[in-house]
Amino acid sequence: MSQRRVIVAVTVVALLLFVPAIRGYEGGVYNHAYGCNCHSQTGSTAASVGISGLPSSYDAGDLYQLTVSVSGGVPGSSGGFSLEVNKGTLSTGVGLMLVNVNNQGNSATHSITGSSYRSWSFDWTAPNLGAGLVTFEVAGMTSNGNGGNSGDRWTTNVIQVPENIPVNNPPSVANVLLNPTNAVTTDSLTLSYSFSDPDNDQESGSEITWYRNSQALPQGAIVGLSVPSSETAKGQEWYATVKPSDGSDFGTLVSSNTVTVANTPPTLSTPTITPSEAEETDDLTITYSLSDEDQDSLTTEIRWYLDGVLITEFNDASTIPAIATRDGDEWRVEVTVSDGDDTVSRSSQIITVGGITQVNNPPEISTMSISPSQPVTTEDLQLIYSAQDQENDAILDTEIEWRVDGLLTGFDTSTLDAVETAKGQVWEVSIRISDGKDWSPWYQQSVIIGNTPPVVESLTVSPTDIFTNDDIFAEYTFTDIDGDTTITPLVTWSKNGMVLTEFDGVNPLPAAVTTKGDIWSVSVKAYDGDSVSADALEASVVVQNSLPVLTLDELPDNLTAVNNQQDELAISPLFSDADNDPIDSSIYWLRNGFREGSLDNATTVAAAYFGAGQTWTLTIAYHDSDGPEQQFSHTLEIINIAPIANIEVLSTNLWSGEKILVDGGTSIDFDGVITNYLWEYQDSNGNSVSLSGEQVAIIGSGTIGLILTVEDDLGLISTTTKIIQTTQGPSVAELTASNEPSGVMLDWQWSGDLVEFLIFRNGEQIGVTSELSYTDKPIIAGLTSYTITPVIEEQSLVAGSTSIADFEVAISTDSTSNISDSGGFILGIIILVSSIGLVSLGLLQRREEGE
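Computed from a prediction, not measured in an experiment: that's the story for all the values here.

Draft legend 1. Structural detail: the sheet that holds strand β6 (residues 107-110). Sheet architecture is open: 5 strands sit in the order β5-β6-β3-β8-β9, paired in antiparallel fashion. With partners counted over all chains shown, the strands left at the sheet margins are β5 (99-101) and β9 (153-161), one partner each. Pairs of neighbouring strands in the sheet enclose a mean axial angle of 15°, with direction left out of account. In this structure, β5 lies alongside β6, joined through 3 bridges in antiparallel fashion. Bridged to V99 within β6 is H110.

Draft legend 2. Region of the structure containing the pattern of salt bridges. Considering all chains together, one arrives at 12 salt bridges under this definition. With a closest N to O distance of 3.1 Å, R303 and D316 form a salt bridge. Residue R303 is found in strand β22 (residues 299-306), and its partner D316 is found in the loop between β23 (309-310) and β24 (319-320); the two are separated by 13 residues along the sequence. What makes R303 buried here is its relative accessible area of 19%. Here R761 makes a salt bridge to D776, at a shortest N to O gap of 2.8 Å. With R761 in strand β60 (residues 756-761) and D776 in strand β62 (residues 773-776), the pair connects residues that are 15 residues apart, well separated along the chain. A single network of salt bridges, built from pairs that share partners, joins K234, D296 and D341.

Draft legend 3. Region of interest: the pairing of β6. Of the two faces of β6, the one holding S107 and T109 and the one holding A108 and H110 are both buried throughout. Across 3 bridges, the pairing between strand β3 (residues 78-85) and β6 is antiparallel. Considered in β6, the bridge of L83 is made with A108. Counting the residues that bridge the hairpin from β5 to β6 gives 5 residues, and of these G105 lies at a positive phi of roughly 70°.

Draft legend 4. Summary view of the confidence of the model for the protein. With 90% of its residues at a pLDDT of 70 or more, the protein shows a mean pLDDT of 85. Confidence over residues 5-25 falls short of pLDDT 50; this stretch has 8 contacts with residues more than four positions distant or in other chains. Note that residues 813-829 has pLDDT below 50 and, in this model, 1 contact with residues that lie over four places away or in other chains.

Draft legend 5. Focus on the sheet that holds strand β54 (residues 688-692). If you walk across this open sheet you meet the 4 strands as β54-β53-β56-β57, and the pairing is antiparallel. At either end of the open sheet lies a strand with only one pairing partner, and these are β54 and β57 (717-725). Averaged over neighbouring strand pairs, the angle between their axes works out to 15° when direction is ignored. Here strand β53 (residues 674-682) pairs with strand β56 (residues 703-712) via 8 bridges, running antiparallel. Pairing of E680 across the sheet is with I707, part of β56.

Draft legend 6. Looking closely at the pairing of strand β29 (residues 381-388). Sheet topology places strand β28 (residues 364-371) next to β29; 7 bridges connect them, and they run antiparallel. Across the sheet, the residue bridging to S369 is I384, located in β29.

Draft legend 7. Main features of the nonpolar core. In terms of nonpolar packing, the biggest core is built from 23 residues, with V68, F81, L83, W124 and F136 touching the most fellow members. Looking at which element gives the most residues to this core, the answer is strand β2 (residues 63-72), with 4 residues. If sequence neighbours within four positions are ignored, L83 has contacts with I51, V68, L90, N106, S107, A108, F122, F136, E137 and V138.

Draft legend 8. Seen up close, unusual backbone geometry. In this chain, S462 is followed by P463 through a cis amide linkage whose omega measures 0°. Here the residue pair N507 and P508 is connected by a cis peptide bond, since its omega of 10° sits within 30 degrees of zero. Tracing the sequence through the fold places P508 in the loop between β39 (498-499) and β40 (519-525). A positive phi angle, close to 55°, is found at N31, a residue other than glycine.

Draft legend 9. Representation of a negative patch on the surface. Together, E277, E279, E280 and D327 make up a region of like negative charge exposed at the surface. Among the secondary structure elements, E277 is positioned in the loop between β19 (272-274) and β20 (284-287). On the accessibility criterion, E277 (56% relative accessible area) is exposed.

Draft legend 10. Just the packing of aromatic side chains, in detail. Applying the stated criterion to the full structure yields 18 aromatic pairs. Between the aromatic rings of F575 and Y622, the centroid separation amounts to 5.3 Å while the plane-to-plane angle is 55°, which identifies the pairing as tilted. Here F575 is found in strand β45 (residues 574-576), whereas its partner Y622 is found in strand β49 (residues 615-623), with 47 residues between them in sequence. On the accessibility criterion, F575 (29% relative accessible area) is partly exposed. A relative accessible area of 7% means that Y622 is categorised as buried. Through pairs of rings, three or more aromatic residues link up here, namely Y58, Y64, W124 and F136. Sitting over the face of the ring of F250, K243 holds its NZ or CZ atom 4.8 Å from the ring centroid. Over the face of the ring belonging to W439 we find R432, whose NZ or CZ atom lies 4.3 Å from the ring centre.

Draft legend 11. Inspection of the side chain of D669 at higher detail. Turning to its location among the elements, D669 is positioned in the loop between β52 (659-663) and β53. With no salt bridge to any partner, buried D669 finds its closest opposite charge in R591, at an N-O distance of 19 Å. A polar side-chain atom of D669 sits 2.5 Å from the main-chain amide nitrogen of G672. At 3.3 Å, the side chain of D669 and the backbone nitrogen of V673 are in polar contact. Beyond its immediate sequence surroundings of up to four residues, D669 is in contact with I641, A642, P643, I674 and D712.

Draft legend 12. Spatial organisation of the environment of D528. Here D528 shows up in the loop between β40 and β41 (537-544). Between the C-alpha atom of D528 and that of T488, which follows or precedes it by 40 residues, the distance is 8.2 Å. Ignoring any residue separated from it by four or fewer positions in sequence, one finds D528 in contact with N451, T452, P453, P454, D480, D484, T485, T486 and I487. A polar contact is formed between the side chain of D528 and the backbone nitrogen of S531, at a distance of 2.8 Å.

Draft legend 13. Summary view of the environment of E231. By secondary structure assignment, the location of E231 is in the loop between β14 (226-227) and β15 (237-243). Among the residues examined, E231 registers a relative accessible area of 35% and is labelled partly exposed. Distance from E231 to R212, taken between C-alpha atoms, is 9.9 Å for residues 19 residues apart in sequence. Residues in contact with E231, not counting those within four places in the same chain, are R212, I222, Q236 and W238.

The rules behind these values
Per-chain numbering applies: the sequence of each chain, read as written, is numbered from 1 onward. For a predicted model such as this one, the threshold for reporting local features is a pLDDT of at least 70, and the threshold for listing and counting side-chain atom pairs is 80 or more; totals across whole chains, interfaces and linings nevertheless cover every residue. Side-chain measures here rest on the full set of heavy atoms in the structure, leaving out hydrogens and waters. Any two strands are treated as partners once DSSP identifies two or more bridges connecting them. Each helix is a run of DSSP H or I of at least 4 residues and each strand a run of E of at least 2, with the numbering of both proceeding from the N terminus. The axes are straight lines fitted to the C-alpha atoms, using for helices just the contacting stretch, and the angles between their N-to-C directions are given from 0 to 180°. Definition used for salt bridges: Asp or Glu carboxyl oxygen within 4 Å of a side-chain nitrogen of Lys or Arg. Categorising residues by exposure relies on relative accessible area from a 1.4 Å probe, with only protein chains included: less than 20% of the type maximum marks a residue as buried, more than 50% marks it as exposed, and the intermediate range marks it as partly exposed. Every residue is assigned a pLDDT by the predictor, reflecting its confidence on a scale from 0 to 100. Any pair of residues with heavy atoms lying within 4.5 Å of one another is described as a contacting pair. The criterion is simple. A nonpolar core is a set of buried Ala, Val, Leu, Ile, Met, Phe, Trp, Tyr and Cys residues joined through side-chain atoms within 4.5 Å. Residues enter patches when their relative accessible area tops 30% and they take part in no salt bridge; the joining distance is 9 Å for like charges and 5 Å for the nonpolar side chains Val, Leu, Ile, Met, Phe, Trp and Tyr. Computed by Shrake-Rupley with a 1.4 Å probe, the accessible areas treat only the displayed protein chains as cover when residues are assessed. All tallies of charge rest on Lys and Arg as positive and Asp and Glu as negative; His and the ends of each chain are not included. Lys charges are placed at NZ, Arg charges at CZ, Asp charges at CG and Glu charges at CD. Each Phe, Tyr or Trp ring (for Trp, its six-membered ring) is paired with any other whose centre lies within 6.5 Å, and the angle between the two planes then decides the class: stacked below 30 degrees, edge-to-face above 60, tilted in between. Charges are assigned to positions over rings by a cutoff of 6 Å between ring centre and Lys NZ or Arg CZ, combined with an angular limit of 35 degrees from the ring normal. Polar contacts, as used here, are pairs of N or O atoms within 3.5 Å; protein pairs need one atom able to donate a hydrogen and one able to accept it. Residues neighboring in sequence count only if both atoms are side-chain atoms.

What follows is the structure in structure tokens.
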């Protein structure tokens, strides 16, 4: 072989040896997320690598599309990556031509084709529930594309994603019932309940605690859901609590009903009379047996009946001597035994002396149940039973009793209507039957009334038209036949047909997550704390064009027409639209419901427009090119200011029993006029008086409580009070009257300063004087009343007056009956002379004054 051929052969072999290395470079490499040392770290800038598409927390089993991107480093478009994940499964997905994934599905890298890219997409399926934290490690390289490993730049990154573990809803239990509710010492106690879980989890790890006489028994003392009769005793109180668990969380602790273990009645065998075929010469002897499960002391009574009649002479006798029997007698014996709590009676068969004993066995209830066994409040209770009689006697009579929570009711049929039951009640039915000769014992059965799930009656979405800036609110109504209050309803939202679990329980749905054109659906189920409604109601809406938004500074709700510091009311409406549509608007002002046209589109209203009692309404109508017209409305009240009541006492003297003048004229109304004055007062003697008017006079004694209420022209009122303390004023005293030749002489005493006195005879004023005496010359004799009333500062005193009643006025008649003609003439001359003298004296005085 020539040297040339050797050189060519060696070269070809060398090239073949280098092929895997070149392919490995261009086709990427698995499980090298830590990077490599074959490519240099020289380059102008540092490279960076990241993974997009990863959730903040992953949902078990969900598929995610991931993208690895490298940037920075050396210029160009070539690159590569190697990624490793410790959980879940990788697949090429949309990166079929650019990405390779290993058989284990835990590593991905670029393909030969993909080496010309710096971004690669592929799929990752999250692991199963409970996998926990997932770690992604990735190495990324920017390549210069020279076919070698020099001049490249690579980097690494580690990203961890936690598992999104759904929030577990705790379970609940209902219909927790301890049976039998009327247990005796021979009964085992059995606990039953219904378990439910909102997440449909199975029951796991529920805690059951037994209580005896209110004391909790250690865990494990009672195994299972039954307490054997050997653990119970008469008088004990038993109940249990159930703390439900779904293996993750405990629900609310629920207690069962309390069962008081009752006394077990004594056992008494059916007494027999021996011999059973007695003759007239035989003694009749009773045979029976007794026992008591509670070992109670027993008392026994024996009663013998001849031809159905009690023979008291043989009470408590165990033997009837033959001397007391004769052929044809029908004898029966009845035994009653008592343990102090319960009494049991048994009767023997009737035997006929010299005849054959007629044997009868009482009928029996062979099966008995209440249907349904776990009823709810909407279900009737049906007693189902079967009976038998050993002699095949017909059942001639049946007695049924229903008890609720231990109390006897009046229901006596085999069916109990659901309307009579309520959630949580314990219903017990008792039955006995008769064949016309004997009654069976009582048989009992009980159930607890369970919860009826609530029902979603209606579901609507508001507002009726949903826009891009609207929250979507689901409005729903529930009914619950048990009267339960529904809590935490199950609300589920879907967008464009896809359920979005992150919005479970959210209501309203915030506008931030809605987009114009979205179709949102909401599903609601009711929950009453025990059960979820069987059916859900659904409603859907389409998100429409957003409406414009009005922004306006806060406006006052009221103003006053006086003392108003504002010269005008100004508004500054601003409009915005999420869709940037042009906005048209109009402004209207209404006063007392009537539009004030001069203020159309005005943004200021002068204070002169306002008056007390007015109601102003601002309405702003606006709309964009697509949406409906919207309106803003604000009501402003021009408040009427209440008046201010004030009392002024005008009288100087505040005397008990005298008129006191008070005035309300100084009361004020700033924005109107006072139209009514109401006075009310009461004195120390309990005298109450009401008066009206701006100025009134009041009369009272002691302390007077005075109330003034004023009302303005718009109906507002104001009240003020005043206390007036009266004192005892001066008064006339010791009034006396006497018949004198000159007339009736009146004398009195006065405790005050010099005043004038008004003289009243029989209620009519006859004179006035400043003296302490007065002579009246009445022209009529007889019973007469006199009153002396002082006057101070032009005020006649009421309490200061005094009177004398039924004074006998005597008028002398002698001088008038014996006057002679000459005497009368002389008297006339005297009067005439006196008159001339008085006239002359007057003329003289006038002359002197004239000089």
